[in-house]
Amino acid sequence: MKKIIFLVVIGLVFIIFINLVKDRAVLTKEESEPEVKYSIPDKPVTNVPELDKLPAKEDWEVREEYKKDGKVLLNVHSAQSLVAGKPFGYLFSFTEPFETFKGKKIAIHAYHKETDEKLTVVSPKTVNNPSPGYSNLKRFTANFEVPEGGLWRYEVVLNDEFYADVVLSVKEK
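Please read all numbers here as calculations on a predicted model, not as lab measurements.

**Some points on the overall build of the protein**
Thinking step 1. Counting secondary structure elements, the protein contains one helix and ten strands.
Thinking step 2. Listing the helices and strands of the protein from first to last along the sequence gives α-β-β-β-β-β-β-β-β-β-β.
Thinking step 3. In the protein, once contacts between residues fewer than 6 apart in sequence are set aside, the share between residues at least 24 apart is 61%.
Thinking step 4. Here the protein displays about 11,300 Å² of accessible surface, and carbon together with sulfur accounts for 56% of that area.

What follows is the structure, encoded as structure tokens:
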């Protein structure tokens with residue numbers, strides 16, 4: 001029994017060490033010549049340096065809502081199963097008053113848990129009007145795809161500052 005516990009502890013230490021080395025390699029990459037790939041609107045933009053400035057998140061539990069101080073700020077409705085490589089229509093439902101968003105640029109970035117891939121899935125756009133038929137952004141829609149399965153964190157930013165996030169599971173093709 002002691003040998004099993006010892007092997008488990010050694011394994012955990014090894015995993016932590018590998019993750020630290022991987023994180024250090026990401027942090028020490030040169031920023032002088034970032035690779036930037038652009039694509040047509042509503043398609044992901046990859047390797048954008050400013051995405052690295054967003055807060056690092058440790059919680060990768062699947063959740064379709066974001067709460068702050070006990071209040072729900074965002075719900076994402078994904079009634080169908082999400083499949084990698086296939087476009088999907090997302091419905092982002094914001095609960096705060098429209099004044100929170102009016103005149104600000106909203107963007108949505110996606111982060112893949114396993115590969116650390118970062119995508120801009122909704123390019124920054126200025127919010128001028130509430131959702132049709134609503135007094136807020138109750139029905140902010142976006143249509144995009146992610147390239148691979150696994151856990152994806154969708155982070156909503158307003159004027160390049162973190163606002164809310166959700167974590168969704170995407171199936172492989």
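That covers the picture; the talk isn't over yet.
**Description of the pairing of strand β9 (residues 150–158)**
Thinking step 1. Of all nine residues in β9, eight are buried; the element is thus mostly enclosed.
Thinking step 2. Relative to β9, strand β6 (residues 105–112) runs antiparallel, the two sharing seven bridges. Note on β9: the bridge partner recorded for Ile-106 is Leu-158.
Thinking step 3. As paired strands, β9 and strand β10 (residues 161–171) are joined by nine bridges and run antiparallel to one another. Looking across to β10, one finds that Leu-158 is bridged to Glu-161.
Thinking step 4. Joining the antiparallel neighbours β9 and β10 is a turn of two residues, in which Asn-159 adopts a positive phi near 50 degrees.

**Here we look at the packing of aromatic side chains**
Thinking step 1. Throughout the structure, instances matching the rule amount to eleven aromatic pairs.
Thinking step 2. Between Tyr-66 and Phe-162, the ring centres sit 5.8 Å apart and the planes meet at 75 degrees, which makes this aromatic pair edge-to-face. One end of the pair, Tyr-66, is in strand β2 (residues 65–68); the other, Phe-162, is in strand β10, and 96 residues separate them in sequence.
Thinking step 3. In this structure Tyr-66 comes out as buried when scored by relative accessible area, which is 14%.
Thinking step 4. Taking the relative accessible area as the measure of exposure, Phe-162 reaches 25% and is therefore partly exposed.
Thinking step 5. Through pairs of rings, three or more aromatic residues link up here, namely Phe-88, Tyr-90, Phe-92, Phe-94, Phe-101, Phe-140, Phe-144, Tyr-154 and Tyr-163.

**Structural notes on the nonpolar core**
Thinking step 1. The biggest cluster of nonpolar side chains holds 33 residues, and the ones touching the most others in it are Leu-74, Tyr-90, Phe-92, Phe-94 and Tyr-154.
Thinking step 2. Mapped onto this core, the elements with two or more residues apiece are β3 (71–77), β5 (88–94), β6, β7 (118–126), β8 (140–144), β9 and β10.
Thinking step 3. With five residues, the top contributor of residues to this core is β10.
Thinking step 4. Once residues within four sequence positions are removed from consideration, Phe-94 is found in contact with Leu-73, Leu-74, Phe-101, Ile-106, Asn-136, Leu-137, Lys-138, Phe-140, Val-156 and Tyr-163.

**Topic: the sheet that holds β2**
Thinking step 1. Here four strands make up an open sheet; going across it, the order is β2-β3-β5-β8 and the pairing antiparallel. Since the sheet does not close on itself, it has two edges, and those belong to β2 and β8, each with one partner. Adjacent strand axes in the sheet meet at a mean angle of 15 degrees when their direction is disregarded.
Thinking step 2. Bridge analysis of β3 against β5 gives four bridges, and the strand direction is antiparallel. Paired with Leu-74 across the strands is Phe-94, a residue of β5.

**Overview of a nonpolar patch on the surface**
Thinking step 1. Together, Met-1, Ile-4 and Ile-5 make up an exposed nonpolar region whose accessible area comes to about 360 Å².
Thinking step 2. The topology assignment puts Ile-5 in helix α1 (residues 2–27).

What counts as what
Residues numbered from 1 in each chain as written. Predicted model: local features only at pLDDT ≥ 70, side-chain atom pairs only at ≥ 80, totals over all residues. Heavy atoms only, no water. Helix = DSSP H or I, 4+ residues; strand = E, 2+ residues; numbered from the N terminus. Contact = heavy atoms within 4.5 Å. Areas by Shrake-Rupley, 256 points an atom, 1.4 Å probe, with all protein chains shown as cover. Buried < 20%, exposed > 50% of the residue type's maximum accessible area, 1.4 Å probe, protein only. Pairing = 2+ DSSP bridges. Phe/Tyr/Trp six-rings, centres within 6.5 Å; stacked < 30°, edge-to-face > 60°. Core = buried A, V, L, I, M, F, W, Y, C linked by side-chain atoms within 4.5 Å. Axes fitted to C-alpha atoms, helices over the stretch in contact; angles between N-to-C directions. Patch = residues over 30% accessible without salt bridge, like charges linked within 9 Å, V, L, I, M, F, W, Y side chains within 5 Å. Salt bridge = Lys/Arg side-chain N within 4 Å of Asp/Glu carboxyl O.

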